[in-house]
Amino acid sequence: MLKNKESYLEHKRSYTQGAYKTYGLWLNKFEEVITKGESEVRVDDISQYQRWLEARHAGKSVEYAMTILHNYFVFLKMNNIPCLHPDLIKRPKTRANSHQAVPPEDYQKILAFIEKTMPKNELRYLQTQLIFRILGETGVRVSELTSITLDNINLNKSGALIETKKNQNMRWIYWSSLTNELLRKYLPIREFMKRDTR
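Residues numbered from 1 in each chain as written. Predicted model: local features only at pLDDT ≥ 70, side-chain atom pairs only at ≥ 80, totals over all residues. Heavy atoms only, no water.

The next subject is unusual backbone geometry. Generally, phi is negative for residues other than glycine and the peptide bonds are trans, each holding for most cases. The phi angle at Asn 80 is positive, at roughly 55°, despite the residue not being glycine. In this structure, Asn 80 sits in the loop between helix H4 (59–78) and helix H5 (104–117). (Helix = DSSP H or I, 4+ residues; strand = E, 2+ residues; numbered from the N terminus.)

Below you can see the structure in the form of structure tokens.
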């Protein structure tokens, strides 16, 4: 159990709401895999978590999750909370490629532009938000995103099971709780509109 997680997330919220939500999602996953307090976490636990991530997520998502964990331990050290030294949490570097996600600051600008320019009472607003949020939060390819079916979505897990285009393996992708709430709003409207056009 990460006892200082909430104070760290409040610290992140002061920078950006998006980071607060996303950091919370990934730290929750760390707690699911490694059920120890901050002072008990060892290098072996970090390696176990990274292997767990690599079995389930794309390289960019693993890199992002490990960066969040590293930053959390930096926060703990800065506040004199006993814990593993952050330098011992290695962050894998994935090679840049054609489907690499945009830098976080550009991603936030895209979301801010959608908020500012699109009427929130239109279905198009929800669709656009969901497309960019899922792409940005999970690192999936566009072709992987468009192949997601309703049967593959699990709203209780805030994720979906997808087939990777690279090697046809099945893996889970996860998005933030905010994205999950948007999806909960969008899916019933989509279903209603489909029925209406039959």
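Next comes the rest of the write-up.
Let us look at the side chain of Ser 158. Tracing the sequence through the fold places Ser 158 in the loop between strand S1 (153–154) and strand S2 (159–163). Of note is the side chain of Ser 158, whose polar atom sits 3.4 Å from the side chain of Asn 180. For Ser 158, the residues in contact, after removing those within four places along its chain, are Ile 173, Tyr 174, Trp 175 and Asn 180. (Polar contact = N/O pair within 3.5 Å; in protein donor to acceptor, adjacent residues only side chain to side chain. Contact = heavy atoms within 4.5 Å.)

Between helix H3 (residues 43–54) and H4, whose axes approach to 10 Å, the crossing angle comes to 150°. For the element pair H3 / H4, the angle class is roughly antiparallel. Like other packed secondary-structure pairs, H3 and H4 cross with a definite hand, here right-handed. Seen from H3, the contacting residues are Ile 46, Tyr 49, Gln 50, Leu 53 and Glu 54; seen from H4, they are Val 62, Ala 65, Met 66 and Leu 69. The residue inventory of the contact of H3 with H4, partitioned by class, reads 7 nonpolar, 1 polar and 1 charged. (Axes fitted to C-alpha atoms, helices over the stretch in contact; angles between N-to-C directions. Parallel < 35°, antiparallel > 145°, perpendicular 65-115°, else oblique. Left-handed = near helix turned anticlockwise from the far one by under 90°. Nonpolar A, V, L, I, M, F, W, Y, C, P; charged D, E, K, R; others polar.)

This part covers H4. Across its 20 residues, H4 extends 29 Å between first and last C-alpha, which sits within 8% of the 28 Å expected from 1.5 Å per residue. Residues Ser 61, Val 62, Glu 63, Ala 65, Met 66, Ile 68, Leu 69, His 70, Tyr 72, Phe 73, Phe 75 and Leu 76 constitute the buried set of H4. The positive-phi residue at the C-terminal boundary of H4 is Asn 80, with phi of around 55°. (Expected span 1.5 Å × (residues − 1). Buried < 20%, exposed > 50% of the residue type's maximum accessible area, 1.4 Å probe, protein only.)

Attention now moves to the sheet that holds strand S3 (residues 170–174). Two strands in a sheet stick together by hydrogen bonds in their backbones, pointing the same way (parallel) or opposite ways (antiparallel). If you walk across this open sheet you meet the 3 strands as S1-S2-S3, and the pairing is antiparallel. A single partner strand is all that each edge strand has here, and the edge strands are S1 and S3. Relative to S2, S1 runs antiparallel, the two sharing 2 bridges. Counted as the bridge partner of Asn 154 is Gly 159 from S2. (Pairing = 2+ DSSP bridges.)

Time to look at the pattern of salt bridges. For the structure on display, the rule yields 8 salt bridges. In this structure, Arg 124 and Glu 122 form a salt bridge, with 3.1 Å as the shortest nitrogen-oxygen distance. By relative accessible area, Glu 122 is classed as partly exposed at 32%. Arg 133 is paired through a salt bridge with Glu 137; the nearest N and O atoms lie 3.6 Å apart. Here Arg 133 pairs with Glu 137, and both are found in helix H6 (residues 123–138), just 4 residues apart, close to one helical turn. Just as Arg 133 is buried, Glu 137 falls in that class too. What emerges from the salt-bridge pattern is a single network uniting Arg 141, Glu 144 and Arg 171. (Salt bridge = Lys/Arg side-chain N within 4 Å of Asp/Glu carboxyl O.)

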